[in-house]
Amino acid sequence: MDKSSHTKLIAALCLIGTLIVGHTAKADDNIDPIIGSEEMQDLSPPTAASHAPPLDESQIFSLYGHWDTDWVNNLSGGIRRGNALDSVAVGGFTLKGDRLGLPNSVFNFSLMATRVGDANAQLIGADTNPSNIEGNRNRLVLNTAFWQQNWLNSSHIAINTRLGVFDLNAEFDSTDSAAQLLNSSFGLDPTITDNFAASTFPKNGTGLVTSIGSATNPDTAPFAVKVGLIQGDVEQQTRPFSQGVLNIAEGQWRPSEDTAIKFGGWQKRGNGQPDLRGGYLSAETPLSSRQHRHISGFVRASFASGMDAQATGANRYLGVGLNWQAPFAHRPDDYLTLGAATLHLNHSGDNERLLEAAYIMQITPRIFLQPDVQYIQHSNQPDTWVAIVRLHLE
């Protein structure tokens, strides 16, 4: 990238970063289940995921933004020792449709700028990326642009749809506890992201999702089903369905408020590539709770099939972990998360294994610091120790 292009990217990062201060407009509306509440916004520590924060019951409009920077250091093993810097900034707005004559609807729009340090390709050489904000090039892209509509909302059933550009992981295959880890395998499943250019970071695609739940909010309902028709490969964001189609469905069971069991299946077709299919299962549940100190556990498993013997990518994955809120009593807003995963690679028959420990420290209500250590064992490179420090601003 030439000097002029680099300068423009930095300017875009700075412009989006100004949204961190935030802005809200007020209304007297009752709480909308597809929008959320102020309480919902404080349940989890921050992530770099491109998920729009919910409006509370008093808001009709909100600007939001976050800026994440990772300092990635290969301490030993891998390709070679060294360090690199990755950054991503997201800025956008969320708007209730009531003022537009569309009650029970939400509109969202956001842009994303990325700065790439290329640590994995140049220093580490792992199949999964130790930093989940490392893109493939410096650029400014459309991040989200969707309309979400609640069509039916009763005490027994809710039906809503989301149409537009969004992150697949915002609707499917998400595990809240695992999302606090930085390795990309704990986000959208690697049996999906390893095998085709799915609609997720660093470039989201177009899709339609229908959610049906047994309560006012399908995302937190005791029983819920989601069905999606998503752009297959996101090589470009224009002409989305000329690049294949991803069909995906997910069922969710919440036997208690803090326990979630999800299972899903998918098929990706078209774009001149072999048809792929797969499935996944995830579960997370509290293990211990005392005052404001909580420990939860999670497990994730998946498979993919349909690729030929020479295809790169993963065909099996298993991940487990623990998430501990307030490991120190005097710091109730900190989180310690531990994770372990193994990934079976289709083309070589080898496994990649990793261990990760991450600690999220709240410095101020809008500033978080996250030191992270990963041990990665993979067949084509010496075993690798990676240290990452993430700065999160919102």
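First, a word on what this report is: a plain description of the structure on this page.

Definitions and limits used
Residues numbered from 1 in each chain as written. Predicted model: local features only at pLDDT ≥ 70, side-chain atom pairs only at ≥ 80, totals over all residues. Heavy atoms only, no water. Helix = DSSP H or I, 4+ residues; strand = E, 2+ residues; numbered from the N terminus. Buried < 20%, exposed > 50% of the residue type's maximum accessible area, 1.4 Å probe, protein only. Contact = heavy atoms within 4.5 Å. Areas by Shrake-Rupley, 256 points an atom, 1.4 Å probe, with all protein chains shown as cover. Phe/Tyr/Trp six-rings, centres within 6.5 Å; stacked < 30°, edge-to-face > 60°. Lys NZ or Arg CZ within 6 Å of the ring centre and 35° of its normal. Patch = residues over 30% accessible without salt bridge, like charges linked within 9 Å, V, L, I, M, F, W, Y side chains within 5 Å. Salt bridge = Lys/Arg side-chain N within 4 Å of Asp/Glu carboxyl O. Pairing = 2+ DSSP bridges.

## Quick look at the overall build of the protein chain
Point 1. What the protein chain contains, in helices and strands, is three helices and 17 strands.
Point 2. A burial count over the protein chain gives 49% of its 394 residues as buried.
Point 3. Across the protein chain, the fraction of contacts at a sequence separation of at least 24, relative to all contacts at a separation of at least 6, is 60%.
Point 4. Entry remark: accessible area of the protein chain is about 17400 Å², with carbon and sulfur atoms responsible for 59%.

## Focus: the packing of aromatic side chains
Point 1. By the definition in use, this model includes nine aromatic pairs.
Point 2. Counting every residue linked through ring pairs, the aromatic cluster contains Phe61, Phe93 and Phe109.
Point 3. One cation-aromatic arrangement involves Arg162 over Phe166; the distance from NZ or CZ to the ring centre is 5.7 Å.

## Let's talk about a nonpolar patch on the surface
Point 1. Taken together, the side chains of Trp151, Leu152, Ile157 and Ile212 present a nonpolar region at the surface, about 370 Å² in accessible area.
Point 2. Along the chain, Leu152 turns up in strand S5 (residues 139-153).
Point 3. Here Leu152 falls in the partly exposed class, since its relative accessible area comes to 38%.

## With respect to unusual backbone geometry
Point 1. The step from Phe201 to Pro202 runs through a cis peptide bond, and the omega angle for that step is 10 degrees.
Point 2. With respect to the element layout, Pro202 can be found in the loop between helix H3 (190-193) and strand S7 (205-213).
Point 3. Not every positive phi belongs to a glycine, and Asp173 is a case in point at roughly 55 degrees.
Point 4. Turning to its location among the elements, Asp173 is positioned in the loop between strand S6 (158-166) and H3.
Point 5. When its relative accessible area of 2% is taken as the criterion, Asp173 is described as buried.

## Concerning the environment of Ala197
Point 1. Its place among the elements puts Ala197 in the loop between H3 and S7.
Point 2. Since its relative accessible area comes to 33%, Ala197 is described here as partly exposed.
Point 3. Distance in space between the C-alpha atoms of Ala197 and Glu235 is 6.8 Å, their sequence separation being 38 residues.
Point 4. If we skip the residues at most four places from it in the chain, Ala197 touches Gly232, Asp233 and Val234.

## Things to note about the pairing of strand S2 (residues 59-76)
Point 1. Here S2 pairs with strand S3 (residues 82-96) via 14 bridges, running antiparallel. Bridge pairing in S3 links Leu63 to Phe93.
Point 2. In textbook terms, the turn of a hairpin is the stretch between consecutive antiparallel strands, and for S2 and S3 this stretch comprises five residues, one of which, Gly77, has a positive phi near 75 degrees.
Point 3. For S2 and strand S17 (residues 381-393), the ladder comprises nine bridges, and the chain directions are antiparallel.

## Thoughts on the environment of Ser214
Point 1. Here Ser214 lies in the loop between S7 and strand S8 (223-231).
Point 2. Ser214 sits 56 residues away from Ala158 along the chain, and the two C-alpha atoms are 6.5 Å apart.

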